[in-house]
Amino acid sequence: SFDLSDVSKKGLKPAAKQLARYKGGASEFVVAWATFRALGGHALPADPGAMRVLYRLRLVDDPKPDDAEATRAELESLAPKAKPFEFAELLTAHA
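The numbers attached to residues start from 1 for each chain and follow its sequence in the written order. Given that this is a predicted model, residues contribute local features only at a pLDDT of at least 70 and side-chain atom pairs are listed and counted only at 80 or more, while totals for whole chains, interfaces and linings are drawn from all residues. Processing note: side-chain calculations cover all non-hydrogen atoms of the structure and skip hydrogens and water entirely.

## Notes on the overall build of the protein chain
Across its full length, the protein chain carries six helices and zero strands. A run of H or I in DSSP becomes a helix once it reaches four residues, and a run of E becomes a strand once it reaches two; helices and strands are each numbered from the N terminus. When the elements of the protein chain are put in sequence order from the N terminus, they spell out α-α-α-α-α-α. Working definition: with a 1.4 Å probe on protein chains only, accessible area under 20% of the residue-type maximum means buried, over 50% means exposed, and in between means partly exposed. Burial status across the protein chain gives 32% buried among its 95 residues. Pairs of residues are marked as contacts when any of their non-hydrogen atoms sit within 4.5 Å. Of all intrachain contacts in the protein chain linking residues separated by at least 6 positions in sequence, the fraction that spans at least 24 positions is 43%. Taking the average location of the 14 positive side-chain charges in the protein chain and that of its 13 negative ones, the two points are 3 Å from each other. We count Lys and Arg on the positive side and Asp and Glu on the negative side, and we leave His and both chain ends out. Where a charge lies is defined by one atom per residue type: Lys uses NZ, Arg uses CZ, Asp uses CG and Glu uses CD.

## Here's the deal with the pattern of salt bridges
Salt bridges are defined by distance alone: a side-chain nitrogen of Lys or Arg within 4 Å of a carboxyl oxygen of Asp or Glu. All told, the structure shown has one salt bridge when counted by the stated rule. Note that R37 is salt-bridged to E89, the shortest N-O span being 2.7 Å. Remark: E89 occurs in helix α6 (residues 84-94) and R37 occurs in helix α3 (residues 28-38); sequence separation between them is 52 residues. Overall, E89 belongs to the partly exposed group, its relative accessible area being 45%.

## Focus on the packing of helix α2 (residues 12-21) against α3
The axes used here are C-alpha line fits, helices contributing only the stretch in contact, and every angle between their N-to-C directions lies in the interval 0 to 180 degrees. Between α2 and α3, whose axes approach to 9 Å, the crossing angle comes to 140 degrees. By the angle between their axes, α2 is oblique relative to α3. Note that α2 runs across α3; the crossing there is right-handed. The residues of α3 that touch α2, namely those facing L12, A16, L19 and A20, are V31, A34 and T35. Note on residue categories: nonpolar means Ala, Val, Leu, Ile, Met, Phe, Trp, Tyr, Cys or Pro, charged means Asp, Glu, Lys or Arg, and polar means any other residue, Gly included. Partitioning the contact of α2 with α3 into residue classes produces six nonpolar, one polar and no charged. Each angle is binned into one of four classes, with values under 35 degrees roughly parallel, values over 145 roughly antiparallel, values of 65 to 115 roughly perpendicular, and all other values oblique. Crossings are classed by handedness, with left-handed meaning an anticlockwise turn of the near helix from the far one by less than a right angle and right-handed meaning a clockwise turn.

## A few points about a nonpolar patch on the surface
A cluster of nonpolar side chains, namely F29, V30 and W33, defines an oily patch on the protein surface of about 290 Å² accessible area. With respect to the helices and strands, V30 occurs in helix α3. What goes into a patch is any residue over 30% in relative accessible area without a salt bridge, connected to like charges within 9 Å or, for nonpolar side chains (Val, Leu, Ile, Met, Phe, Trp, Tyr), within 5 Å. With residues, only the protein chains shown are counted as cover, and all accessible areas are computed by Shrake-Rupley using a 1.4 Å probe.

## Let's talk about unusual backbone geometry
Phi angles above zero are rare outside glycine, and R58 is one such case at about 60 degrees. Turning to its location among the elements, R58 is positioned in the loop between α4 (48-56) and α5 (68-78). For R58, a relative accessible area of 76% gives the class exposed.

## Some thoughts on the environment of L54
Residue position: L54 is located in helix α4. Along the primary structure L54 and V31 are separated by 23 residues, whereas in three dimensions their C-alpha atoms are 20 Å apart. The residues touching L54, leaving out its near neighbours within four places in the chain, are L59, V60, L75 and L91.

## Points about α3
For α3, the set of buried residues is V31, A32, A34, T35 and F36. Once α3 finishes, G40 follows within two positions and takes phi at roughly 75 degrees, a positive value.

Purely geometric numbers; function is a separate question.
Below, the structure written as structure tokens:
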């Protein structure tokens, strides 16, 4: 198992950076998922399928695979901070 208690004490941004460096680097999706689900941060994981749905619904500009961080920041501005889980579940259901 993987214990995130030490990582979570550092704050969300340092924790996300540490997760990204873990064992050669984790993908943007994995870091966002861990930050969102395990650390309670406002980072919404979105895979390429979810990005296509968001683009087709015109909720984000053309998603660029090489700039996933900017696209995710745009996505996070759309999601209400009070209901991030609901937003993520609806996005997953449509993707």
